[in-house]
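Below are the chains, spelled out letter by letter.
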Amino acid sequence: MIKSNVYECIFKRLDDDGDGKPSPSELQRCMEMIGEELPMEEVEELVASIDSDGDGLLGLEDFVGWMQREIRGDEERKMEELSEAVRKYVMEGSECITPKSLKRMWRNAVL
């Protein structure tokens, strides 16, 4: 898991004017810098969805919590994809990949 000081560094980078709370327009500019073009309406909706005090700005705690949820969600998706791939190689009645199941999958892939 990424340490919270990494999130703090990212958060500070988002905060162009240094007021301690990045605005939707500051977030949009940073997103554009990394090649993500988001309409202001979508950025405002994103900020509103994670803004716990309702001021329309990103607080550090809100930002860190959001980033951790996003990372955790990515990890869960990757584990599900890996599990699905492994299930293709596991034969019925077995809980693991065997040489026989690998041979069967290879044969099916070649055909």
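Residues numbered from 1 in each chain as written. Predicted model: local features only at pLDDT ≥ 70, side-chain atom pairs only at ≥ 80, totals over all residues. Heavy atoms only, no water.

A few points about helix 2 (residues 24–33)
Because each turn of an α-helix spans 3.6 residues, side chains separated by three or four positions in sequence point in the same direction. For helix 2, every residue scored as buried is listed here: Pro-24, Glu-26, Leu-27, Gln-28 and Cys-30. Gly-35 occupies a position one or two residues after helix 2 and carries a positive phi of about 90°. (Buried < 20%, exposed > 50% of the residue type's maximum accessible area, 1.4 Å probe, protein only. Helix = DSSP H or I, 4+ residues; strand = E, 2+ residues; numbered from the N terminus.)

A word on the layout of surface pockets
Roughly 210 Å³ of volume is contained in the largest pocket. Lining the largest pocket, in full, are Ile-10, Arg-13, Leu-14, Leu-27, Cys-30, Met-31, Ile-34, Leu-46, Phe-63, Trp-66 and Met-67. Elements with a contribution of two residues or more to the lining of the largest pocket: helix 1 (4–14), helix 2 and helix 4 (60–89). For the lining of the largest pocket, the per-class residue count stands at 10 nonpolar, no polar and one charged. (1 Å grid on protein atoms, 1.4 Å probe; cavity = no way out; pocket = protein on both sides within 12 Å on 5 of 7 lines; lining within 4 Å. Points joined across faces, edges and corners; volume = space filled by probe spheres on them. Nonpolar A, V, L, I, M, F, W, Y, C, P; charged D, E, K, R; others polar.)

Concerning the environment of Glu-8
Residue position: Glu-8 is located in helix 1. Note on Glu-8: relative accessible area 32%, which makes it partly exposed. For the pair Glu-8 and Val-64, spaced 56 residues apart in the sequence, the C-alpha separation amounts to 7.6 Å.

Considering the pattern of salt bridges
This structure, assessed with the given rule, holds three salt bridges. Note that Asp-16 and Arg-29 form a salt bridge whose closest N and O atoms lie 3.1 Å from each other. Residue Asp-16 is located in the loop between helix 1 and helix 2, and its partner Arg-29 is located in helix 2; the two are separated by 13 residues in the primary sequence. Owing to a relative accessible area of 40%, Asp-16 belongs among the partly exposed residues under this scheme. Assessed through its relative accessible area of 40%, Arg-29 is described here as partly exposed. Across the salt bridge formed by Lys-21 and Asp-55, the nearest N and O atoms sit 2.6 Å from each other. Of the two residues, Lys-21 is situated in the loop between helix 1 and helix 2 and Asp-55 in the loop between helix 3 (40–50) and helix 4; the sequence distance between them amounts to 34 residues. (Salt bridge = Lys/Arg side-chain N within 4 Å of Asp/Glu carboxyl O.)

Description of the confidence of the model for the chain
A low pLDDT score tells you not to read the predicted coordinates there in detail. Of the residues in the chain, 89% have a pLDDT of 70 or more, and the chain-wide mean is 84. The spread of mean pLDDT over the elements of the chain runs between helix 5 (residues 99–110), the lowest at 72, and helix 3, the highest at 94. (pLDDT = per-residue confidence, 0-100.)

Describing the packing of helix 2 against helix 3
Contact geometry of helix 2 with helix 3 gives a least axis separation of 9 Å together with a crossing angle of 115°. Helix 3 is crossed by helix 2, and the crossing has right-handed handedness. Note on element contacts: helix 3 touches helix 2 through Met-40, Val-43, Glu-44, Leu-46 and Val-47, opposite Pro-24, Ser-25, Leu-27 and Gln-28. Looking at the contact of helix 2 with helix 3 residue by residue, the classes come out as six nonpolar, two polar and one charged. (Axes fitted to C-alpha atoms, helices over the stretch in contact; angles between N-to-C directions. Left-handed = near helix turned anticlockwise from the far one by under 90°. Contact = heavy atoms within 4.5 Å.)

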